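Structural overview
Listed below, chain by chain, are the residues.
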Amino acid sequence: MANVLADIIPTVFQEIVFGRAPGALMTAIYGFALIATVFTGIVSLVAMFCIWWERKVAGHIQCRIGPNRVGPIGILQSLADGVKLILKEDLIPKDADHLLFRLAPYLAFTPAFAAFLALPFAPDLTFEPRLNVGVFWILAILSVEVMGVILAGWASNNKWSVYGAMREACQMVSYEIPLGMSIIIGIMAAGTLNLVQLGHLQGGGIQTWLIFRSPFALAAFVCYFIASLASNKRAPFDLPESESELVAGYHTEYSGLRFSFFFFAEYAGMFVVGGIQAALFLGGWNDPFGLIGYFYPVLKDAYVAHPSMATAIPVLLLNFAAAGIFVLKAMTIIFVQMWLRWTLPRPRIDQVLYACVKVLLPASCVVLLGAALWQLLVPEMPGIPWVNYKPWRFEDWANQGATAALVSQVLLAVIGVSLFGSLILWIFWAFISGRNLKQRLTDPAEMPDAEPATV
Amino acid sequence: MDLNAIISGSPQQTSLVTTGLFYLFAIMAGGSALGVVASRNIVRTAVCLLFTLLGVGGLYFLLDAEFLAAVQLVVYAGGTLILIVFGVMLTNKSAFVKFEAKLIEVIIAMTMAIILFGALVVGILNTKFASQAMTQGTDGYPILKLGQALLGDYLVPFELASVLLLVVMIGAAYLAKGRRERSHT
């Protein structure tokens with residue numbers, strides 16, 4: 001399917017523009033250009049949407065509206081910001097190291113950009129599905145981002161920037177350990193580092209999602225979430241850019257388009273991290289009922305048997321639906337991250353490192369040990385749901401001796417879904433019962449001892 | 001969107017892309033190594049080293065050694081280099097210190113470098129290198145075999161290496177802590 005798309009578009013373009021079939025080099029160039037456009041487009045769209053959304057969420061948490069002038073609900077605010085940042089003066093401090101100053105934003109942005117390569121948006125819509133080290137690649141390339149931030153702080157020739165850079169380096173590098181260890185638990189349960197395979201493995205319905213594989217996987221999810229907050233320099237671990245302490249930390253001296261690179265890097269990184277959590281723990285592109293996992297092999301086999309436009313369209317539609325689900329899950333994680341930013345206060349750097357080395361690291365070690373023992377003692381179901389076995393049939397599990405696994409997964413899924421559901425209901429109840437409360441703070445005339453102001 | 005499938009309808013196209021990428025990564029690695037040696041600013045040296053390591057990582061990817069490339073990025077570019085940069089930044093007396101080498105040091109270093117270069121060239125020209133990546137028996141998933149080898153045939157060296165790293169970590173923590181305890185303020 002992907003080959004149909006990828007072969008047709010460059011060929012059609014070349015024929016329309018130049019009137020002849022493309023040669024080897026031109027096909028290669030068009031291929032690169034297609035990927036570059038789609039890639040850059042997706043990353044920029046994600047970052048712009050997240051910037052707008054962050055300001056809206058911040059506004060509503062702080063009892064104000066947020067951007068609402070540019071576009072219908074302020075949706076074009078990011079565009080306006082982008083235009084403003086492009087038009088700004090390109091300011092480089094006189095004593096700053098010019099080359100490194102210019103280099104640092106690209107070093108910070110490129111890893112977040114490159115990590116999108118491995119994200120499994122849909123079974124056929126992954127940029128590089130053969131990347132056998134998918135998860136590890138994301139971890140590896142995100143550790144190059146530390147260098148960009150350090151350079152930005154150093155090259156600014158500004159003491160406060162250097163402080164921000166140092167704190168950030170300590171924080172990001174130390175939190176990579178619990179990050180990696182939490183990822184290992186999901187990998188252990190799956191047996192593969194390939195993110196597309198991980199997605200296929202979770203296609204049997206909500207009880208096959210890796211977060212419900214064992215209680216330790218749930219703990220690993222929480223550990224990973226906290227560690228990913230720190231690794232993204234995201235509140236409450238946003239000391240590198242602590243706005244109330246260091247002006248802007250390591251990117252104080254950056255203005256205009258260079259500053260927007262750091263911003264893009266942050267939001268792209270948030271999406272990557274949310275994407276990993278969605279892919280590793282929350283079922284990737286699958287819906288809770290296993291429908292996508294059920295229909296995908298059927299439609300794909302139909303396409304492979306008779307390749308044509310008629311059989312390609314259903315597969316394409318399924319892929320787009322799967323990509324939508326994946327993006328929704330990643331956006332939910334980002335949403336939770338935004339809540340935390342505007343709710344929690346900021347700890348000191350020694351408290352941050354204490355939390356990493358003395359709390360999160362032992363916790364993730366214990367969780368890793370527990371998950372490994374669980375996997376040894378509770379035999380699991382081998383194979384891909386709907387392809388090798390039917391996940392909703394009890395006999396299939398019992399034949400493989402995996403009854404205990406099925407029972408535990410269903411139990412954990414029920415507990416997890418009911419916890420989540422009760423949270424949602426609680427918020428809903430608060431929202432409904434809050435409507436009856438009098439707005440004392442905004443309506444002084446209703447207060448008993450209020451007096452009209454005399455001018 | 002399979003990159004190779006997009007680009008390669010034929011083996012010639014695949015090797016065109018691979019050759020181009022090889023030259024890109026090789027120039028990045030070699031040119032940055034030159035920059036490491038030739039630069040007079042310590043921090044720029046470290047940045048050139050970063051690009052050298054990234055170039056070598058890219059070459060590992062071209063050799064189908066994906067795990068090794070990712071490990072190179074994590075350990076070298078994301079760990080060792082950060083340490084080097086920390087050391088450089090925290091031990092600088094002034095902002096942008098420059099190297100000043102004496103003439104006799106330059107002469108000795110050049111002699112040793114030329115001898116080493118000659119030896120390397122002779123060695124490389126006389127070696128029979130494999131024409132493509134050695135991935136037989138891995139069924140396209142070499143990490144499985146790597147993991148089985150590390151925890152199977154090579155378990156003892158693996159454990160010894162991790163014990164060594166643990167000893168290093170404990171020793172460093174002890175040394176750093178000892179100095180603080182002695183000064184009672």
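Residues numbered from 1 in each chain as written. Chains lettered and ligands numbered in written order. Predicted model: local features only at pLDDT ≥ 70, side-chain atom pairs only at ≥ 80, totals over all residues.

What follows is about the overall build of chain A. A count of helices and strands for chain A gives 15 helices and zero strands. Scored against the burial criterion, the 455 residues of chain A give a buried share of 44%. Contacts spanning at least 24 positions in sequence make up 76% of the contacts within chain A whose residues lie at least 6 apart. (Helix = DSSP H or I, 4+ residues; strand = E, 2+ residues; numbered from the N terminus. Buried ≥ 20, exposed ≤ 12 C-beta atoms within 10 Å, placed from the backbone. Contact = placed C-beta atoms within 7 Å.)

Before going further, it helps to examine the overall build of chain B. Across its full length, chain B carries seven helices and zero strands. For chain B, the succession of helices and strands along the chain, N to C, is α-α-α-α-α-α-α. Within the span of chain B, comprising 185 residues, buried residues form 17% of the whole. Contacts in chain B between residues far apart in sequence, at least 24 positions, make up 51% of those at least 6 positions apart.

This paragraph deals with helix H5 (residues 134–142) of chain A. Buried residues dominate H5(A), accounting for nine of its nine residues. Taken residue by residue, H5(A) has Gly134(A), Val135(A), Phe136(A), Trp137(A), Ile138(A), Leu139(A), Ala140(A), Ile141(A) and Leu142(A) as its buried positions.

Attention now moves to the environment of Ala322(A). All names here are of chain A. Turning to its location among the elements, Ala322 is positioned in helix H12 (residues 309–341). A tally of 26 C-beta atoms within 10 Å means that Ala322 is categorised as buried. Here the alpha-carbon distance between Ala322 and Asp287, two residues 35 residues apart in the chain, equals 8.0 Å. Residues within four places of Ala322 in sequence aside, it is in contact with Ala122, Pro123, Trp285 and Ile292.

This part covers helix H15 (residues 403–434) of chain A. In this model, H15(A) (32 residues) spans 46 Å end to end at C-alpha, consistent with the 46 Å of a helix rising 1.5 Å per residue. Counting buried positions along H15(A) yields two of 32 residues, so the element is predominantly exposed. (Expected span 1.5 Å × (residues − 1).)

Think of interface size as the accessible area that goes away when the parts come together; that is how it is often given. Residue and element names in this part refer to chain A. According to the domain assignment, chain A contains domain 1 (1–83) and domain 2 (88–422). Put simply, the middle of domain 1 and the middle of domain 2, counted by C-alpha atoms, are 22 Å apart. On the domain 2 side, the residues contacting the 16 residues of domain 1 number 19 residues. Partitioning the side of domain 1 that touches domain 2 into residue classes produces 13 nonpolar, two polar and one charged. (Domains from an automatic or database assignment. Nonpolar A, V, L, I, M, F, W, Y, C, P; charged D, E, K, R; others polar.)

What follows covers the nonpolar core. Looking at soluble globular proteins, one finds that nonpolar side chains tend to be buried together. Residues and elements named next belong to chain A. By size, the foremost hydrophobic cluster in this structure holds 139 residues, and its most contacted members are Ala217 and Ala268. Tallying contributions element by element places helix H10 (residues 257–280) first for this core, with 15 residues. Not counting residues within four places of it along the chain, the set of residues in contact with Ala217 comprises Ile185, Gly186, Ala189, Leu210, Ile211, Phe281 and Ala371. (Core = buried A, V, L, I, M, F, W, Y, C linked by C-beta atoms within 7 Å.)

All names here are of chain A. At Cys63, a residue that is not glycine, the phi angle is positive and equals roughly 60°. Its place among the elements puts Cys63 in the loop between helix H2 (24–61) and helix H3 (77–86). Assessed through the 8 C-beta atoms surrounding it within 10 Å, Cys63 is described here as exposed. The phi angle at Lys233 is positive, at roughly 55°, despite the residue not being glycine. Along the polypeptide, Lys233 turns up in the loop between helix H9 (215–231) and H10. With 26 C-beta atoms counted inside 10 Å, the residue Lys233 sits in the buried group.

All names here are of chain A. At their nearest, the axes of H5 and H10 sit 12 Å apart, and the two run at 155° to each other. When the interaxial angle is binned, H5 and H10 end up roughly antiparallel. Between H5 and H10 lies a crossing of left-handed hand. Residues Val135, Ile138 and Leu142 of H5 lie in contact with H10, whose contacting residues are Gly269, Val272, Ile276 and Leu280. Here the residues of the contact of H5 with H10 are counted per class, giving six nonpolar, one polar and no charged. (Axes fitted to C-alpha atoms, helices over the stretch in contact; angles between N-to-C directions. Parallel < 35°, antiparallel > 145°, perpendicular 65-115°, else oblique. Left-handed = near helix turned anticlockwise from the far one by under 90°.)

Turning our attention to the environment of Ser182(A). All names here are of chain A. Looking at the element boundaries, Ser182 is found in helix H7 (residues 159–190). Taking the C-beta count within 10 Å as the criterion, Ser182 has 29 such neighbours and is therefore assigned buried. Sequence spacing of Ser182 and Val378 is 196 residues, and the spatial spacing of their C-alpha atoms is 20 Å. Once residues within four sequence positions are removed from consideration, Ser182 is found in contact with Ala220, Cys223, Tyr224, Ala227 and Ser364.

All names here are of chain B. Chain-level statistics for chain B give a pLDDT mean of 81 and a share of 78% at 70 or above. Within chain B, the element-level pLDDT minimum falls on helix H1 (residues 3–7), averaging 42, and the maximum on helix H5 (residues 103–125), averaging 93. With pLDDT under 50 throughout, residues 1–11 is counted as low confidence; its partners more than four residues away or in other chains account for 22 contacts. (pLDDT = per-residue confidence, 0-100.)

Residue and element names in this part refer to chain B. With respect to the helices, strands and loops of the structure, Val75 is situated in helix H4 (residues 66–90). Given 14 C-beta atoms within a 10 Å radius, Val75 is considered partly exposed. The spacing of Val75 and Gly118 is 43 residues in sequence and 30 Å in space, taken between C-alpha atoms.

Residues and elements named next belong to chain A. Orientation of helix H11 (residues 291–305) relative to H12, taken along the N-to-C sense of each, is 150°, at an axis distance of 9 Å. Taken as axis vectors, H11 and H12 run roughly antiparallel relative to one another. Taken as a pair, H11 and H12 cross one another with a handedness that is left-handed. Across the interface between the two elements, Ile292, Phe295, Tyr296, Leu299, Lys300, Ala302 and Tyr303 of H11 pack against Thr311, Ala312, Pro314, Val315, Leu318, Ala321 and Ala322 of H12.

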